[in-house]
Structure formats: C-alpha cells, structure tokens
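Examining the three-dimensional arrangement
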Amino acid sequence: MNIAVIGAGYVGATTSVSFALRGHTVFAIDHDKEKIGKLKQASLPFYEEEIDGLVKKLAGNGKLSFTTQLDECIDKCSILFITVGTPSLMGGQADLSFVEEVARNIGNLMNEYRVIVLKSTVPVGTNAKIKKLIINELTKRNLKIPFDLISNPEFLREGKALYDALHPDRIVIGCETQKAQKMMKELYGHAKSKILFTSPIDAEMIKYASNAFLAAKISFINELARFCEKIGANVTEVAKGMGMDSRIGAQFLQAGIGYGGSCFPKDISALLALASENGIPLNILQAVLQVNQTQPEWFLEKVKKTLGTLSGKRIAILGLTFKPRTDDIREAPSLKIIDYLLQNNAYITAYDPKGTEHVKKIYPSITYTSNPLDALKKADAVLLITEWEEIIDMDWKAALNTVSAPFVFDGRNALDASVMKQLGYHYEGIGMPEF
Ligand code: NAD
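1. A word on the sheet that holds strand β9 (residues 314–318)
The strand order across the open sheet built from six strands is β11-β10-β9-β12-β13-β14, with neighbouring strands paired in parallel fashion. Since the sheet does not close on itself, it has two edges, and those belong to β11 (367–368) and β14 (426–428), each with one partner. Bridging between β9 and strand β10 (residues 347–351) involves five bridges; their strand directions are parallel. Counted as the bridge partner of I317 is A350 from β10.

See the structure below:
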C-alpha cells in the first residue's frame with residue numbers, strides 16, 4: 001500500500017519506519033522544513049536507538065520518503081495517517097489546532113475515497129468533530145467524496161518505539177464501516193497482536209483510560225512509598241510482592257520521583273478537563289495528578305533534611321530525560337528538580353547521555369558534563385534522576401574519591417542500597433528504610 005503519515009515527530013517517524021519495514025511505500029510529511037531537511041539526510045530529529053540507521057536504508061530502497069508537501073502525496077496514498085502533536089492548552093485541554101489544520105488540508109486536497117487514520121491522542125468525541133470538518137471543506141469545493149475516519153490510538157513507548165510499533169500488545173481500531181475495517185486488517189494483518197475493532201469514541205477513550213490507569217499505578221506506589229518510608233517498610237519489596245499477583249502485575253509499580261514525558265501529564269490533564277466540562281469529577285485521577293505534582297518536592301525535602309540546607313551546596317544531577325533511552329525532556333521531573341534547587345540557591349552540575357542539549361536551552365547557566373563521573377567532582381550530594389544504564393553501572397567506587405561528601409539520593413531506586421552502603425555512601429532511595 002501507499003501510505004501518507006502526516007506529522008513526522010516521534011510517533012509519525014516511528015510509524016513511517018514500521019510500515020516501510022513491512023513493505024509499504026510511505027510518504028512522511030511534516031510542515032517543519034528543518035525537520036524534513038534532516039530526515040532527508042537520514043538524521044532523526046530525536047534519539048531512538050533502534051530507528052537510527054533504518055531511515056537511510058529505507059529511503060535508499062525507495063520505501064520511505066520525506067516531504068513538506070501533502071498535495072504531492074495525497075493522490076498516491078489510499079491511507080492517510082494523522083500523527084501531529086496534541087499539546088496541552090493553558091486549561092489542560094488538548095490543543096487540537098494541528099489536527100484540525102491537517103484535517104482541513106486533507107479536505108482541501110482529497111479527490112477520491114480515502115481512509116484517514118487519526119493516530120494522535122485526541123479527546124473523546126474528536127473523531128466526530130474532525131469528520132464534520134473534512135465534510136465542510138469538501139462541501140466548500142462542491143464535492144461529496146466518501147471517506148472513512150478511523151481512530152487508531154498509539155501506545156508506543158519512547159525508548160522502545162520501533163519494537164512497540166512492530167509488536168504492539170494490542171491494536172485498537174475505532175471504525176464504522178466494513179470497507180475501512182477490511183483495509184485496516186490488510187494493513188495490520190501481519191501483526192500477531194490482538195486487534196480490537198470498536199467504535200471511534202471507545203477507541204479514543206481506551207487511549208486516555210490506559211494512560212490514566214498506568215499513571216494511577218505510578219502515583220499509587222509513590223504515595224505508598226511515602227508511607228512505607230515513614231513506617232519502616234521497603235516499598236520495593238512491597239511492590240515485588242504485589243506484582244507477583246497476576247491480577248496486579250509488576251509493571252509501573254516502581255516507586256520514584258514521578259512520571260513525566262510527552263504523554264501522561266498532558267493526557268491526564270486533558271481527560272480531567274474533558275470530564276470536568278461534562279460535570280463528572282474524576283476524583284481518583286485528580287489524586288493521581290496531585291501525588292505526581294508533589295513527588296519531586298517530597299524527594300527534595302528529604303535531601304534538604306539530610307543535608308541541613310541546600311543553599312550553597314554543590315548538587316550533581318545524574319539523568320535529565322524523563323526516562324532512559326530517549327532524549328525527550330518534555331515534562332521531565334528533572335526540570336522541577338532543577339527549579340527547586342535553583343530557588344534554594346544550590347549549585348548544579350548535570351549529566352545526561354542524550355538530553356543535555358535540550359535542557360541547556362532552558363537552563364543555560366548550570367554546569368553540564370560529558371560523563372557522569374565529572375558531574376560528581378566536589379559534589380556535596382548526588383541525585384540520581386533518570387535510570388540510564390550508564391549511570392547505574394558507573395564506577396561508584398571511583399566516584400567516592402571525586403565527591404566532596406558521600407550522599408547519594410536515588411530518585412528511581414535504581415542502585416543497590418546495600419552495595420552503596422558497603423562502598424561507604426550515605427544512600428537514600430524512595431520509600432525504604434534509611435541505609
Ligand atoms: P511530536 O511533537 O514529536 O511530533 C508532531 C509533529 O507534527 C511535529 O514534527 C510537527 O512539526 C508536526 N506537525 C504539526 N502540525 C502539522 C501540520 N499541520 N502538518 C504537518 N506536520 C505537522 O509529537 P509526538 O510525540 O510524535 O506525538 C504525536 C501524537 O501522538 C500526540 O497526540 C501524542 O500524544 C501521541 N502519542 C505520542 C507518544 C509518544 O511517546 N511520543 C505515544 C503515543 C501517542
């Protein structure tokens with residue numbers, strides 16, 4: 001099949017590569033000329049290890065091309081994916097302006113039946129609105145071209161994006177006609193994943209509900225961690241015991257400094273905003289948000305208590321991205337940590353394998369190093385913020401000779417507490433008795 005993917009960001013580029021790998025011919029489109037310029041040079045505008053290298057290969061064999069011009073591709077492609085961003089507005093609602101712009105463009109350019117697939121995460125009810133918008137544009141051109149608008153939410157995880165795109169746990173397809181269903185079966189037929197055909201509105205809700213549930217697991221264990229710490233229990237052991245129950249499952253039960261990233265924070269805000277507009281308060285989700293917003297501060301209060309003060313202290317931050325194996329810093333807890341430390345007059349030295357350049361644009365005045373050990377030079381305390389393997393596996397013994405004081409605060413419970421203690425560190429994790 002010939003496929004157009006509109007919006008060549010994380011999701012769009014990954015979707016394009018995954019369909020091209022399956023033998024389809026893919027046109028990845030973005031209005032950002034710089035991004036398309038880079039992609040044409042086979043340079044990804046973000047870090048995703050598995051994809052690097054594939055773009056060049058797929059472009060070389062003609063399976064994948066990049067353009068800013070939808071008009072050049074629309075007649076060639078039977079399926080058009082919309083993968084543009086849906087960031088948060090001030091009130092927490094999703095900003096649909098990019099999706100609407102693309103829908104208008106499609107309505108302006110489409111000349112025959114097309115399957116349009118809405119992959120961007122959009123509020124429940126958006127499919128119906130976008131459908132009307134496209135019909136409106138066609139009516140302006142005095143045309144009555146049939147089309148199907150499918151809601152096919154994306155569940156990939158940054159850092160494992162290509163694997164997830166190629167082997168999704170499940171594929172959710174909200175569609176209303178047999179014809180569109182048949183095309184989607186053909187498109188995804190190769191995948192061994194379970195496919196759920198449902199209505200567009202349910203597909204939209206499934207995406208938000210899934211992210212809300214995962215965020216709830218994280219906030220649940222984080223709040224419990226505060227209690228465990230107070231009462232002398234170890235949240236890691238508690239989570240392990242809970243996770244052994246197949247009804248609960250072990251994933252997303254790792255206590256830490258909270259979730260961030262391009263999806264959970266904005267999707268939870270959008271769901272809360274939509275529920276509130278509809279007069280249904282989502283109390284559990286409100287609490288999920290509240291716990292997440294206060295978790296970095298709770299962590300830093302611990303640091304402050306142990307050190308006595310943060311003022312004038314040299315703090316080493318290890319890890320800046322919202323999770324390992326990505327360069328994404330959107331809503332990363334590290335940003336809140338930096339803000340708090342600066343407000344408390346601490347001196348910061350930071351290291352991250354991939355996210356430094358992005359953070360430097362926001363905080364140009366703090367010191368950045370090119371390896372983790374250098375960040376620890378003369379540090380009064382070390383904060384582990386993102387659990388990159390390189391950081392976990394660094395030579396913590398050698399680091400003892402570099403730091404000014406042996407305080408390690410592990411915001412991800414990524415290090416082995418007893419090993420750290422044996423090495424001579426004062427180690428504090430999240431939700432565990434002090435070592
Ligand atoms: P992104 O910001 O990385 O990419 C969006 C791209 O859309 C940008 O390159 C932008 O230039 C382009 N764009 C915007 N308007 C356009 C237009 N009119 N025409 C052409 N291109 C346009 O965003 P992303 O992280 O890829 O997310 C895209 C959507 O997928 C969002 O709704 C997000 O919530 C959802 N999603 C993201 C992830 C993730 O891990 N990033 C996972 C699942 C779902």
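Resuming the write-up.
2. Looking at the domain arrangement of the protein chain
As assigned here, the protein chain comprises domain 1 (2–168 + 186–191) and domain 2 (212–428). In this structure, domain 1 and domain 2 have C-alpha centres spaced 33 Å apart. Domain 1 puts 18 residues into the contact, and the matching count from domain 2 is 17 residues. Carbon and sulfur atoms make up 53% of the surface buried where domain 1 meets domain 2, a total of about 1300 Å² over both sides. Counting across the domain 1 and domain 2 interface gives one salt bridge. Our count for the contact surface shared by domain 1 and domain 2 stands at nine residue pairs in polar contact (both at pLDDT 80 or more). Of the residues assigned to the side of domain 1 that touches domain 2, the class counts are seven nonpolar, seven polar and four charged.

3. A look at the site of the ligand
Around the ligand sit 26 residues in total, of which V11, D30, K35, T86 and K266 are the nearest. The backbone of H31 places a nitrogen or oxygen atom 3.3 Å from a nitrogen atom of the ligand. In this structure, E101 approaches the ligand through a side-chain N or O atom, which is 3.5 Å from a nitrogen atom. Considered on its own, the ligand offers 830 Å² of accessible surface; in the complex 90% of this is hidden by protein. Elements supplying a minimum of two residues to the shell around the ligand: α1 (10–21) and α4 (97–109).

4. Description of the packing of aromatic side chains
The relation between two aromatic rings is expressed through the spacing of the ring centres and the mutual angle of the planes. Under the definition given, this model contains seven aromatic pairs. With a centroid separation of 5.7 Å and an interplanar angle of 75°, the aromatic rings of Y259 and F264 are classed as edge-to-face. Like Y259, the residue F264 is buried in the burial classification. For the ring pair W396 and Y425, a centre distance of 6.0 Å and an interplane angle of 85° mean the geometry is edge-to-face. Placement of the pair is W396 in helix α16 (residues 396–399) and Y425 in the loop between α17 (417–423) and β14, with a sequence separation of 29 residues. With a relative accessible area of 6%, W396 lands in the buried category.

5. Considerations on unusual backbone geometry
Phi at A42 is positive, roughly 65°, even though this residue is not glycine. In this structure, A42 sits in the loop between α2 (33–40) and α3 (54–60). Take A42: its relative accessible area is 24%, and that puts it in the partly exposed class. The backbone phi angle of K378 is positive, close to 60°, even though this residue is not glycine. By the element assignment, K378 lies in the loop between α14 (372–375) and β12 (381–384). Classification of K378 by relative accessible area gives exposed; the value is 58%.

6. Things to note about the pairing of β12
With burial as the criterion, each face of β12 is covered, one bearing A381 and L383 and the other bearing V382 and L384. Both β12 and strand β13 (residues 407–410) contribute to a ladder of three bridges, which runs parallel. By the bridge assignment for β13, V382 is matched with V408.

Quick notes on the rules
- Position numbers for residues count from 1 along each chain, tracking the sequence in the order it is written.
- This being a predicted model, a pLDDT of at least 70 is required before a residue's local features are given, and a value of 80 or more before pairs of side-chain atoms are given or counted; all residues contribute to the totals for chains, interfaces and linings.
- Here the side-chain values reflect all heavy atoms present in the structure, with hydrogen atoms and water set aside.
- Each pair of strands is called paired provided DSSP finds at least two bridges between the two strands.
- For the purposes of this entry, the term helix denotes a DSSP run of H or I that reaches at least four residues, the term strand denotes a run of E that reaches at least two, and both are numbered from the N terminus.
- Where each domain begins and ends is defined by an automated method or by a domain database.
- Any two residues whose heavy atoms approach within 4.5 Å at even a single point are treated as in contact.
- Here the buried area means the combined drop in accessible surface, using a 1.4 Å probe, for two parts upon being joined, counting both sides.
- What counts as a salt bridge is simple: a side-chain nitrogen of Lys or Arg found within 4 Å of a carboxyl oxygen of Asp or Glu.
- Here a polar contact is recorded for every N or O atom pair within 3.5 Å, except that within protein the pair must consist of a potential hydrogen donor and a potential acceptor, and residues adjacent in sequence are included only if both atoms are side-chain atoms.
- Side-chain classes are defined by residue name, with Ala, Val, Leu, Ile, Met, Phe, Trp, Tyr, Cys and Pro counting as nonpolar, Asp, Glu, Lys and Arg as charged, and the others, Gly among them, as polar.
- One heavy atom within 4 Å of a molecule or strand makes the whole residue count as near it.
- For the accessible areas, the method is Shrake-Rupley and the probe is 1.4 Å, while residue cover comes only from the protein chains on display.
- In summary, the pairing rule links any two rings of Phe, Tyr or Trp, Trp by its six-membered ring, whose centres are within 6.5 Å, and it sorts them by plane angle into stacked for under 30 degrees, edge-to-face for over 60 and tilted for everything else.
- Only protein chains enter the accessibility calculation, which uses a 1.4 Å probe. A residue is then buried if its area is under 20% of the maximum for its type, exposed if over 50%, and partly exposed in between.

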